[in-house]
Amino acid sequence: MRVEKSDNDVAEERAGPGQDRDLRRLSEENVALRLAWEMRRRGWSQDRMAQELTNAGCPTHQSAISKIVNSKPDGSRRSISVDEAIAMAKVFGIPLEELPLPPSGAEGRDLHHLSRIVTQEGRDALEQYAQFILAWGRLRHRLGEQENQAAYKEFLATRRVDADRASEAIATWLAADPWRALSAAYNVLEQALQMMGNGRDLTPPTQDRRWRHSTVADLLCLRDLFGRRIPDSPVRAVPELVQGHAEALVRVGMLDLVVPVIDSYQRGEPCATDDVVAEIDKRLQQIIDREPQDRLDYLESLAVRIGLRWKGSESKQEQEDLVAELGATAEDYADAKRIGGIYRDIGLR
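For the structure given in this document, a descriptive report is provided here. Bear in mind the structure is a predicted one, so any value in this text is a computation, not a measurement.

Calculation notes
- Residues numbered from 1 in each chain as written.
- Predicted model: local features only at pLDDT ≥ 70, side-chain atom pairs only at ≥ 80, totals over all residues.
- Heavy atoms only, no water.
- Helix = DSSP H or I, 4+ residues; strand = E, 2+ residues; numbered from the N terminus.
- Buried < 20%, exposed > 50% of the residue type's maximum accessible area, 1.4 Å probe, protein only.
- Contact = heavy atoms within 4.5 Å.
- 1 Å grid on protein atoms, 1.4 Å probe; cavity = no way out; pocket = protein on both sides within 12 Å on 5 of 7 lines; lining within 4 Å.
- Points joined across faces, edges and corners; volume = space filled by probe spheres on them.
- Nonpolar A, V, L, I, M, F, W, Y, C, P; charged D, E, K, R; others polar.
- Expected span 1.5 Å × (residues − 1).
- Arc of directions from axis to C-beta.
- Salt bridge = Lys/Arg side-chain N within 4 Å of Asp/Glu carboxyl O.
- Axes fitted to C-alpha atoms, helices over the stretch in contact; angles between N-to-C directions.
- Parallel < 35°, antiparallel > 145°, perpendicular 65-115°, else oblique.

## Regarding the overall build of the protein chain
Right, on to step 1. The number of helices and strands found in the protein chain is 18 helices and zero strands.
Right, on to step 2. Within the span of the protein chain, comprising 349 residues, buried residues form 36% of the whole.
Right, on to step 3. Here the analysis covers contacts within the protein chain between residues at least 6 apart in sequence; of these, 69% occur between residues at least 24 apart.

Right under this line is the structure:
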């Protein structure tokens, strides 16, 4: 009876004992080069590297690191144990199978890692920036009342701040130019992140920017927030709801209108949201009524019409009926839902 050989069996037959030793030596050479490269880019000494491996559960002395990264006159190096390799991968934050690969791939991976850091840190910064603008907006709103200015000056006086310094502080918070510069800087950061894409690959995004960054999704989300969720929520829960939508509020430029509502709830006092919803509806209607200049304009209009009818879910038949009612194609319907951020977890009314 003939037994078929696996690919591994065939590979082992082709690679004789000498080749196997050569492959192992090449792998260890790559690990040594990778170790030296990772230490160099981190600015780690051999002592520091030994300590990092020890902290990772693999007790190591500096001399062992020296013998790995520095080859002997004949080109040989100290062998690397499995435990050491596992500890190195852990310390460097890479998969174990990547450790023995040629070091030429490490630079590409490092660039990819940096691109992920830039985009992730940028998104985190954008979120914090929105919270910063929202807090400043509340401060400007509160200090717009004379009695609040007097209360602030009185408080600063208890901190031994003289009246002139207190007045300068208030003037700084209320100054229009820094406020406009702040908003402009936010827009620049957001645009930079838009051009970078999601950071999951090194390929620049090719889609039209308006396709990816329409305000329709923000407006529909805010309509749901101020039209349904805030009125139906306990007063104490509203501040956290609003904080989670700070970026949308900044992007659509509605802080002047919504800050009084937000500030009221922040102080534990409910406030009507009718004016906010009315302004959102006005903007959504403008999107519906405008004459489309391209397909994206049409899809934004379609997204608004879908969003205003969205109940949180739909059956296949309901979708087909709505597609027919709106005079759209199934493809346009799906694209419009994506632009509008319309999914099952959002219940708009």
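## So, the layout of surface pockets
Right, on to step 1. Estimates place the volume of the second largest pocket at around 240 Å³.
Right, on to step 2. A total of four residues in the lining of the second largest pocket trace back to one element, the largest contributor, which is helix H2 (residues 17-42).
Right, on to step 3. A class-by-class count of the residues in the lining of the second largest pocket yields eight nonpolar, two polar and three charged.

## Description of helix H15 (residues 274-289)
Right, on to step 1. With 16 residues, H15 should reach 22 Å at 1.5 Å per residue; the first-to-last C-alpha distance of 22 Å fits that figure.
Right, on to step 2. Along H15, the residues classified as buried are Val276, Val277, Ile280, Leu284 and Ile287. Taken down its axis, H15 places every buried residue within 95° of arc, on the same side. Opposite the buried face of H15, at more than 90 degrees from it, the exposed residues are Asp274, Asp275 and Asp289.
Right, on to step 3. Residues of H15 that are buried make contact with helix H11 (216-229), helix H14 (255-266) and helix H16 (295-309).

## Some points on helix H18 (residues 330-339)
Right, on to step 1. Where H18 is concerned, the buried positions are Asp332, Tyr333, Asp335, Ala336, Lys337 and Ile339.
Right, on to step 2. Residue Gly341 follows H18 closely and has a positive phi angle near 60°.

## Comments concerning the pattern of salt bridges
Right, on to step 1. Evaluated as defined, the whole model comprises 23 salt bridges.
Right, on to step 2. Salt-bridge contacts for Arg295 lead to Asp335; the nearest nitrogen and oxygen are separated by 3.1 Å. Remark: Asp335 occurs in helix H18 and Arg295 occurs in helix H16; sequence separation between them is 40 residues.
Right, on to step 3. With a relative accessible area of 37%, Arg295 lands in the partly exposed category.
Right, on to step 4. Of the residues examined, Asp335 reaches a relative accessible area of 16% and is grouped as buried.
Right, on to step 5. With a closest N to O distance of 3.4 Å, Arg309 and Glu325 form a salt bridge. Taken as a pair, Arg309 in helix H16 and Glu325 in helix H17 (residues 316-326) lie far apart in primary sequence, 16 residues in all.
Right, on to step 6. Classification of Arg309 as partly exposed rests on a relative accessible area of 36%.
Right, on to step 7. Look at Glu325 and you get exposed, because its relative accessible area is 55%.
Right, on to step 8. Where salt bridges share partners, they join Arg34, Glu38, Arg41, Arg42 and Glu98 into one cluster.

## Details of the packing of helix H3 (residues 46-55) against helix H4 (residues 62-69)
Right, on to step 1. Direction vectors running N to C along H3 and H4 enclose 110°, while the axes themselves pass 8 Å from each other. Judged by the inter-axis angle, H3 sits roughly perpendicular to H4. On H4, the residues that touch Gln46, Asp47, Met49, Ala50 and Leu53 of H3 are Gln62, Ile65, Ser66 and Val69.

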